[in-house]
Amino acid sequence: MDSWTGHEVPRLPGTGTPLALFDSARQAVAPTRPASPATMYVCGITPYDATHLGHAATMITFDLVQRMWRDSGHQVKYVQNVTDVDDPLLERATRDGEDWVVLAMRETALFREDMEALRIIPPDHYVGAVESIPAIAEQIRTLIDSGAAYRLTDGTGDIYFDVSSASGFGSESNLSRDQMLAFAAERGGDPRRPGKRDALDPLLWRGARDGEPAWEGGPLGPGRPGWHIECAVIALGLLGDQIDLQGGGNDLIFPHHECSAAHAEVLTGQAPFAAHYVHAGMIGLNGEKMSKSRGNLVFVSRMRGDGVAPMALRLALIAGHYRSDRQWTDDTLKTGQQRLHRWRSAARAAGGPGGADLLAAVRGRLADDLDTPGALAAIDEWADQALAGVAPDPHAPSLMADVCDALLGVRVRD
Ligand code: ZN
């Protein structure tokens, strides 16, 4: 599947600062020690609806990781998927009387436009579930052959993963069994389904049903893949047996990332699947959770259509720390717009305080678990002084613009 178009990222002087990130498995901030190249897999959208602010905040988070790694001299190999066949997509298409393929293509195209506008560095591989079905079916056969997967005997043809085959199951999310059962029920799992060996066993392959798309699965029988095995197989195929980072929103901690990791670890015999599991917080709206069921999603494309500058949106989203669940209000956007305006004015100033100090400060803040509020405060302070005409180093405004561009993905040049 085609990715979106990237842009030139300025190279900054000196050496970048090694990045430390909070790892959900270890429940601690730990230094990243990426391989060569650094490998990152981020779970992408299920394209039944447009990109909302929560998606944007998540994608920006991992874009910052990529920018920090690049600044430290690492080459980065980045893979993102599109779950272009799954229950939510099919349900929406049925509800709206639309062809699910057309719906998926349209929303994926809109997502690409949004990502480009937000200046997200594109993944090296942007991969759909549908195009990955032969590879996924093959790995499910491997799991069956090793005894880690089984077929239900109720005639549906559904195949499940046996969580007891994964010795590390639970180590990514650190949840109690009761918590896992609750999240599984809430987030697309089926803990109450009869006939499973364990209530937490996730679906690997859904046998063909009337009115649903299905693909030839060889010995699996016709059907379509589950979501967790999709991400595991795409990541293993393109990035290798163990990766530096798996990322997504914090609603993916369980069951999605736990199950993806379990599939990958059983398939490769190596653990952990990812050195860091990194999760971005949710964006709420005016004190409420933003969700499709509440009908209060704020779409990036809609805001762009209303004339909101994507760079102001980006600045507004990174004004809070990526891990915190945070609220979006009119003031959040207004502050982002004012900051962008001020930074753009400062970048045009005849001079400013020493750019090298600013670069070191921004690198230092971002290296500490992507402390964007701290990085923004350092640039705000620099901008105040530049606009006040203090310490006029004539090279500083140009370096400030490069720092904003390379490390934060915010273009302040006209
Ligand atoms: Zn995923």
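Just above, that's the structure.
Structural notes, computed from the coordinates. (Residues numbered from 1 in each chain as written. Predicted model: local features only at pLDDT ≥ 70, side-chain atom pairs only at ≥ 80, totals over all residues. Heavy atoms only, no water.)

Some thoughts on the overall build of the protein
If you tally the helices and strands in the protein, you get 13 helices and 13 strands. Taken over the C-alpha trace, the protein has a radius of gyration of 22 Å; the compact-globule value for 414 residues is 22 Å, and the two agree within 12%. Principal-axis analysis of the C-alpha atoms gives the protein an extent of 75 × 45 × 35 Å. Within the protein, the fraction of its 414 residues that count as buried is 55%. In the protein, the proportion of contacts linking residues at least 24 apart, taken out of those at least 6 apart, comes to 79%. Carbon and sulfur atoms make up 50% of the accessible area of the protein, which amounts to about 16,900 Å² in all. The positive charge centre, built from 39 side chains, and the negative charge centre, built from 55, are 3 Å apart in the protein. (Helix = DSSP H or I, 4+ residues; strand = E, 2+ residues; numbered from the N terminus. Rg over C-alpha atoms; globule rule 2.2 N^0.38 Å. Buried < 20%, exposed > 50% of the residue type's maximum accessible area, 1.4 Å probe, protein only. Contact = heavy atoms within 4.5 Å. Areas by Shrake-Rupley, 256 points an atom, 1.4 Å probe, with all protein chains shown as cover. Lys, Arg positive; Asp, Glu negative; His and termini not counted. Charge placed at Lys NZ, Arg CZ, Asp CG, Glu CD.)

Topic: the coordination of the zinc ion
The zinc ion binds to the protein through Cys-43 (SG), Cys-231 (SG) and His-256 (NE2), with metal-donor distances spanning 2.0 to 2.1 Å. The class of Cys-43 is buried, set by a relative accessible area of 5%. (Donors = N, O, S within 2.8 Å, 3.2 Å for Na, K, Ca; no water.)

Overview of the sheet that holds strand S8 (residues 203-207)
A sheet is described by the order of its strands in space; here 4 strands give the open sequence S6-S7-S8-S9, paired in antiparallel fashion. Bordering the open sheet on either side are strand S6 (149-151) and strand S9 (223-225), each of which pairs with just one other strand. Sheet twist, expressed as the average angle between the axes of neighbouring strands with direction ignored, equals 15°. Sheet topology places S6 next to strand S7 (residues 159-161); 3 bridges connect them, and they run antiparallel. What sits directly across from Tyr-150, in S7, is Tyr-160. (Pairing = 2+ DSSP bridges. Axes fitted to C-alpha atoms, helices over the stretch in contact; angles between N-to-C directions.)

Re unusual backbone geometry
A cis amide bond, omega 0°, links Phe-254 with the succeeding residue Pro-255. Mapping Pro-255 onto the fold places it in helix H7 (residues 253-268). Omega for the bond connecting Ala-271 with Pro-272 falls within 30 degrees of zero, at 0°, which places this linkage in the cis form. Within the secondary structure, Pro-272 is located in the loop between H7 and strand S11 (274-280). In the Ramachandran plot, Asp-369 falls in the positive-phi region, its phi being about 55° despite a non-glycine side chain. When you line up the elements, Asp-369 lands in the loop between helix H11 (355-367) and helix H12 (372-387). Backbone geometry places Leu-370, a non-glycine residue, at a positive phi of 50°. For Leu-370, the position within the fold is in the loop between H11 and H12.

What to know about the side chain of Ser-24
Mapped onto the secondary structure, Ser-24 falls in the loop between strand S1 (20-23) and strand S2 (28-31). Separated by 2.6 Å, the side chains of Ser-24 and His-279 make a polar contact. Not counting residues up to four positions away in its chain, the partners in contact with Ser-24 are Glu-172, Asn-174, Ile-253, Tyr-277 and His-279. (Polar contact = N/O pair within 3.5 Å; in protein donor to acceptor, adjacent residues only side chain to side chain.)

A short note on the nonpolar core
Grouped together as the largest cluster of nonpolar side chains are 75 residues, with contacts concentrated most on Leu-53, Val-65, Leu-317, Trp-328, Trp-343, Met-400 and Val-412. It is helix H1 (residues 53-71) that provides the largest number of residues to this core, a total of 10 residues. Met-400 has contacts with Trp-343, Ala-347, Leu-358, Ile-379, Trp-382 and Val-412, leaving out every residue within four places of it along the chain. (Core = buried A, V, L, I, M, F, W, Y, C linked by side-chain atoms within 4.5 Å.)

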